[in-house]
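# Overview (structure and organization)
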Amino acid sequence: MMADGVELRRIAMPLVSPFRTSFGTATSREILLVRVVTDDGTEGWGECVAMAAPRYSSEYVDAAADVLRRYLVPALLAAGPVRAHAVAGLLAPFQGHRMAKAALEMAVLDAELRSELRSFGHELGAVREKVPCGVSVGIMDSVPELLDAVGGFLDEGYVRIKLKIEPGWDVEPVRAVRERFGDDVVLQVDANTAYTLADARHLARLDPFDLLLIEQPLDEEDVLGHADLARQIKTPICLDESITSARAAAAAIRLGACQVVNIKPGRLGGYLEARRTHDVCVANGVPVWCGGMLETGLGRAANVALAALPGFTMPGDTSASGRYYAADITEPFVLKDGYLDVPDGPGLGVAPVPDRLTEVTTASEWLAG
Ligand code: NPQ
Ligand code: MG
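Small disclaimer: the values here were computed from a predicted structure and weren't measured. (Residues numbered from 1 in each chain as written. Chains lettered and ligands numbered in written order. Predicted model: local features only at pLDDT ≥ 70, side-chain atom pairs only at ≥ 80, totals over all residues. Heavy atoms only, no water.)

## What to know about the side chain of His226
- On the secondary structure map, His226 appears in helix 8 (residues 223–230).
- At a separation of 3.0 Å, a polar atom in the side chain of His226 contacts the main-chain amide nitrogen of Leu218.
- Sequence-distant contacts of His226, that is, excluding residues within four places in its chain, are made with Gln216, Pro217, Leu218, Asp219, Ile237, Leu239, Ser242, Gly256 and Ala257. (Helix = DSSP H or I, 4+ residues; strand = E, 2+ residues; numbered from the N terminus. Polar contact = N/O pair within 3.5 Å; in protein donor to acceptor, adjacent residues only side chain to side chain. Contact = heavy atoms within 4.5 Å.)

The structure is reproduced here in structure tokens:
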């Protein structure tokens, strides 16, 4: 693949409802899209999952755009013909910025696969044509509001409910959901690093509720703390923010810091590292599921393809487009009996609908070779 140039495009998408976590409340999404145009005119799309502010991780959308503009895109354009599998190595001299790198690699991979008429699913090793979908439910102002939201998602067919928790909003909402919807609902929680090891006894109060897992209770860098916590609570621990590479997954598993892994391509530096992380987890008998970063249909298409790999044995946060957006920039992903179909067209199998993309675009810049 030879890139003629790369477009950095900013879009603004309002959320259908505020999404509150232990690190803040989002009411809209500022998203950076990357479009690679090759010398034969093929387009490839990438989506950067970095948020507007460095609240989930150290990355944020303006920094991603800057590092792409200054370092990552020039390196790609200077390299001449390059295969998607070589992009990570090309960008390795630049430290960090995994979400920015992931977006560029995704765009190159999309262009390459489109021109070779292969799908993301085929390239990554998908073994299913549809995937079961879970949903992430934010912190709410009251338990009755939470129960209404959970009831709505269950009615829509979601096969797994994930509740965001934080100190002061954990045992009571979990107990209320169990009491209202029963023990058969597949239920997990996500703390987004809101607790410390001193909270171990408090977190053990979640044990009676038969949760599938508790996601990232402690700080991103406290892998040893998670290993200590795992010896003090029964609920299996899943890591998200801590797992920044296949190597990090291997180390966390070896240390007993997690029994489940949330795989997020943006956090890992790309879909190819996500597949390597999947392979490491499968080799260690650790189940994985596909995390979400409120992606548009572009990232959603790639995530659904990834979620179809054999080791993804638990429902992910691959929710329908309508969970976050009234109007996606691609044809919307619509839940069917709790499943989403894996796109089977070339590349991502989806593309932005031009009018929709124009409506939400706030900036665009073209970086030529
Ligand atoms: C998680 N995602 O698993 C993240 C947290 C998260 C679906 O819970 C804007 C962009 C707002 C990314 C809010 C889900 C976000 C965001 C929450 C990611 O930890
Ligand atoms: Mg998480």
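## Comments concerning the packing of helix 5 (residues 143–156) against helix 6 (residues 171–181)
- At a minimum axis separation of 10 Å, helix 5 and helix 6 run at an interaxial angle of 50°. With respect to helix 6, the axis of helix 5 lies oblique. In the crossing of helix 5 with helix 6, the sense of the turn from one axis to the other is right-handed. Counting all contacts with helix 5, which are made through Val143, Leu146, Leu147, Val150, Gly151 and Leu154, the residues of helix 6 involved are Glu172, Pro173, Ala176, Val177, Arg180 and Phe181. (Axes fitted to C-alpha atoms, helices over the stretch in contact; angles between N-to-C directions. Parallel < 35°, antiparallel > 145°, perpendicular 65-115°, else oblique. Left-handed = near helix turned anticlockwise from the far one by under 90°.)

## Concerning the sheet that holds strand 2 (residues 24–38)
- The antiparallel open sheet is built from 4 strands, whose spatial order is 3-2-1-13. Only two strands of the sheet have a single partner each, and these edge strands are strand 3 (43–48) and strand 13 (361–368). Shown here is a sheet whose adjacent strand axes are inclined to one another by a mean of 20°, direction ignored.
- Taken together, the 6 bridges between strand 2 and strand 3 define a ladder with antiparallel strand orientation. Within strand 3, the residue paired with Leu33 across the bridge is Glu47.
- Across the sheet, helix 1 (residues 61–78) touches strand 1 (3–21), strand 2, strand 3 and strand 13, and the angle it forms with strand 1 is around 160°. (Pairing = 2+ DSSP bridges.)

## Brief notes about the domain arrangement of the chain
- According to the domain assignment, the chain consists of domain 1 (3–117 + 352–368) and domain 2 (122–341).
- Placing the centre of domain 1 and that of domain 2 at their C-alpha centroids yields a distance of 24 Å.
- Listed by partner, the interface residues are 33 residues for domain 1 and 43 residues for domain 2.
- Of the roughly 3300 Å² buried between domain 1 and domain 2 on both sides combined, carbon and sulfur atoms contribute 65%.
- When the buried area of domain 1 at its contact with domain 2 is split by residue, Phe19, Arg20 and Tyr56 rank highest and sum to 22% of it.
- Inspection of the domain 1/domain 2 interface yields 1 salt bridge.
- Two residues, Glu166 and Arg20, come together in a salt bridge whose shortest N-O distance is 3.0 Å.
- At the surface where domain 1 touches domain 2, the tally comes to 18 residue pairs in polar contact (both at pLDDT 80 or more). (Domains from an automatic or database assignment. Buried area = accessible area lost by both parts, 1.4 Å probe. Salt bridge = Lys/Arg side-chain N within 4 Å of Asp/Glu carboxyl O.)

## Brief notes about the pattern of salt bridges
- Applying the stated criterion across every chain, the model contains 25 salt bridges.
- For Arg35, the salt bridge goes to Glu43, with nearest N and O atoms at 2.8 Å.
- Given the relative accessible area of 17%, Arg35 is considered buried.
- Among the residues examined, Glu43 registers a relative accessible area of 35% and is labelled partly exposed.
- Asp66 is the partner of Arg69 in a salt bridge, and the nearest nitrogen-oxygen pair spans 3.6 Å. Linking Arg69 with Asp66, this pair stays in helix 1, spanning 3 residues, or about one helical turn.
- Judged by relative accessible area, which is 32%, Arg69 ranks as partly exposed.
- Exposure remark for Asp66: the relative accessible area of 26% places this residue in the partly exposed category.
- In the salt-bridge network here, residues are joined through shared partners; they are Arg160, Lys162, Lys164, Asp190, Glu215 and Asp317. (Buried < 20%, exposed > 50% of the residue type's maximum accessible area, 1.4 Å probe, protein only.)

## Points about the environment of His85
- Mapped onto the fold, His85 is located in the loop between helix 1 and helix 2 (87–91).
- Spatially, the C-alpha atoms of His85 and Leu272 are 7.5 Å apart, while their sequence positions differ by 187 residues.
- Excluding anything up to four places from it in sequence, His85 contacts Glu123, Leu272 and Arg275.
- Polar contacts involving the side chain of His85 include one to the side chain of Glu123, which spans 2.6 Å.

## Looking at the packing of aromatic side chains
- For the coordinates displayed, the defined rule picks out 6 aromatic pairs.
- Seen in terms of ring centroids, Phe120 and Tyr271 are 5.7 Å apart; in terms of plane orientation they differ by 85°. Their pairing is edge-to-face. One end of the pair, Phe120, is in helix 4 (residues 120–124); the other, Tyr271, is in helix 11 (residues 271–283), with 151 residues separating them in the sequence.
- Since its relative accessible area comes to 2%, Phe120 is described here as buried.
- When the centroid spacing of 5.8 Å and the interplanar angle of 80° are considered together, the rings of Phe153 and Tyr158 count as edge-to-face. One exposure class covers both Phe153 and Tyr158, and it is buried.
- A connected cluster of aromatic rings, assembled from ring pairs, spans Phe19, Tyr324 and Tyr325.
- In this arrangement the basic side chain of Arg160 is found over the ring face of Trp289, its NZ or CZ atom lying 5.0 Å from the centre.
- The ring of Phe181 has Arg180 lying over it, and the distance from NZ or CZ to the ring centre is 5.9 Å. (Phe/Tyr/Trp six-rings, centres within 6.5 Å; stacked < 30°, edge-to-face > 60°. Lys NZ or Arg CZ within 6 Å of the ring centre and 35° of its normal.)

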